[in-house]
Amino acid sequence: NAGVTQTPKFQVLKTGQSMTLQCAQDMNHEYMSWYRQDPGMGLRLIHYSVGAGITDQGEVPNGYNVSRSTTEDFPLRLLSAAPSQTSVYFCASSTQQGFYGYTFGSGTRLTVV
Amino acid sequence: AQKITQTQPGMFVQEKEAVTLDCTYDTSDPSYGLFWYKQPSSGEMIFLIYQGSYDQQNATEGRYSLNFQKARKSANLVISASQLGDSAMYFCASKRGGSQGNLIFGKGTKLSVKP
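Just so you know, these numbers come straight off a predicted model, no measurement behind them.

(A) View of the overall build of chain A. Broken down by element type, chain A carries 0 helices and 11 strands. For chain A, the sequential pattern of α-helices and β-strands runs β-β-β-β-β-β-β-β-β-β-β. By the compact-globule yardstick of 13 Å for 113 residues, chain A fits well, its C-alpha radius of gyration being 13 Å. When its C-alpha atoms are laid out on the principal axes, chain A stretches across 40 × 30 × 25 Å. Counting the 113 residues in chain A, one finds 50% classified as buried. For chain A, long-range pairs separated by at least 24 residues make up 53% of all intrachain contacts whose partners lie at least 6 apart in sequence. Put simply, chain A shows about 5100 Å² of open surface, and 51% of that area lies on carbon and sulfur atoms.

(B) Region of interest: the state of the cysteines. All names here are of chain A. Across all of its chains, the model carries 2 disulfides over all chains by this definition. One disulfide in the model links Cys-23 with Cys-91; its S-S distance is 1.8 Å. On the sign convention where negative is left-handed, the bridge of Cys-23 and Cys-91, at about -70° about the S-S bond, is left-handed. You can see Cys-23 sitting in strand β3 (residues 19-25) and its partner Cys-91 sitting in strand β9 (residues 87-94), a full 68 residues away along the chain.

(C) Representation of the side chain of Gln-2 of chain B in the model. Mapped onto the secondary structure, Gln-2 of chain B falls in the segment before β1 (3-5). Those residues in contact with Gln-2 of chain B, other than ones at most four positions away along the chain, are Asp-26, Thr-27, Asp-29, Ser-94, Lys-95, Arg-96, Asn-102 and Ile-104 of chain B.

(D) How the structure looks around the sheet that holds strand β8 (residues 76-78) of chain A. Residues and elements named next belong to chain A. Spatially, 4 strands are ordered β1-β3-β8-β7 in an open sheet, and the strand pairing comes out antiparallel. On the outer flanks of this sheet lie β1 (4-7) and β7 (64-66), each paired with one strand and no other. The average undirected angle you get between the axes of adjacent strands in this sheet is 20°.

(E) Quick peek at the pattern of salt bridges. Residue and element names in this part refer to chain A. Throughout the structure, instances matching the rule amount to 3 salt bridges over all chains. A salt bridge links Asp-38 to Arg-36, with the shortest nitrogen-to-oxygen separation between them at 2.9 Å. Accessibility assignment for this pair places Asp-38 and Arg-36 in one class, buried. Overlapping salt bridges, with partners in common, bring together Arg-36, Asp-38 and Arg-44 in one network.

(F) Representation of the nonpolar core within the structure. Residues and elements named next belong to chain B. Core analysis: the biggest nonpolar cluster contains 24 residues, and Leu-21, Trp-36, Ile-49, Leu-77, Tyr-90 and Leu-111 have the highest contact counts within it. If you list the elements that add at least two residues to this core, you get β2 (10-14), β3 (19-21), β5 (32-39), β6 (46-52), β8 (64-69), β9 (74-79), β10 (88-96) and β12 (109-114). Ignoring sequence-local partners within four residues, the contact set of Leu-111 consists of Met-11, Val-13, Val-19, Leu-21, Ile-79, Asp-86, Ser-87, Ala-88 and Tyr-90.

(G) Structural view of the pairing of strand β11 (residues 108-112) of chain A. All names here are of chain A. Every second residue of β11 is oriented toward a common face, the buried set being Thr-108, Leu-110 and Val-112 and the non-buried set Arg-109 and Thr-111. For strand β2 (residues 10-13) and β11, the ladder comprises 4 bridges, and the chain directions are parallel. Its bridge partner being in β11, Gln-11 is matched across the sheet by Leu-110. Examined bridge by bridge, β9 and β11 share 3 bridges and lie antiparallel to one another. The residue of β11 that forms the bridge with Val-88 is Arg-109.

Scoring rules and cut-offs
Residues numbered from 1 in each chain as written. Chains lettered and ligands numbered in written order. Predicted model: local features only at pLDDT ≥ 70, side-chain atom pairs only at ≥ 80, totals over all residues. Heavy atoms only, no water. Helix = DSSP H or I, 4+ residues; strand = E, 2+ residues; numbered from the N terminus. Rg over C-alpha atoms; globule rule 2.2 N^0.38 Å. Buried < 20%, exposed > 50% of the residue type's maximum accessible area, 1.4 Å probe, protein only. Contact = heavy atoms within 4.5 Å. Areas by Shrake-Rupley, 256 points an atom, 1.4 Å probe, with all protein chains shown as cover. Disulfide = S-S within 2.5 Å. Pairing = 2+ DSSP bridges. Axes fitted to C-alpha atoms, helices over the stretch in contact; angles between N-to-C directions. Salt bridge = Lys/Arg side-chain N within 4 Å of Asp/Glu carboxyl O. Core = buried A, V, L, I, M, F, W, Y, C linked by side-chain atoms within 4.5 Å.

Laid out in structure tokens, this is it:
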């Protein structure tokens with residue numbers, strides 16, 4: 001089983017560029033989410049989805065867009081990258097109740113110069 | 001709103017000894033879950049252990065156990081017989097019960113195991 005697959009693993013962007021971080025899961029999980037991890041800050045929730053067609057904002061949504069057209073995919077879009085978005089991004093999925101652990105992707109390390 | 005506090009930015013433990021990583025949580029929800037994750041230097045997030053708010057017994061998974069003290073709102077992770085491979089960041093997280101709750105993380109504790 002692939003679990004949660006994130007691409008790319010590394011990315012360097014120039015300020016103002018746009019890009020999409022891809023996330024796909026093959027476990028038929030209803031719930032998917034995006035986190036960013038910054039030194040000393042733990043993981044902070046950006047956006048999440050409880051099913052196809054349903055998304056909502058987390059703690060730090062500004063500068064990011066998401067959509068969920070299928071159960072499997074949950075892409076994260078940076079519309080106009082800023083240096084403050086330099087971070088490691090994790091995608092996670094779980095069953096609806098989520099009481100038996102969330103499965104995380106391997107992360108995308110993004111640098112905005 | 002939920003909040004997770006991990007007061008130990010860094011910890012050292014001697015190999016083969018036990019270590020306790022502290023976690024306190026703040027929630028008014030009657031139903032919630034508590035999680036611990038390990039993040040080695042390679043960066044992946046590894047699920048270790050889960051405790052439900054209504055569970056009567058403390059959760060255990062191999063060398064990991066969760067010391068759950070509901071009245072004190074604490075959910076400390078105990079690692080027995082530490083190994084060099086336990087050196088990593090450890091994150092405590094909580095989730096409100098039901099389908100709408102999200103996983104909220106503490107800032108983490110960096111554990112270093114000394115040979």
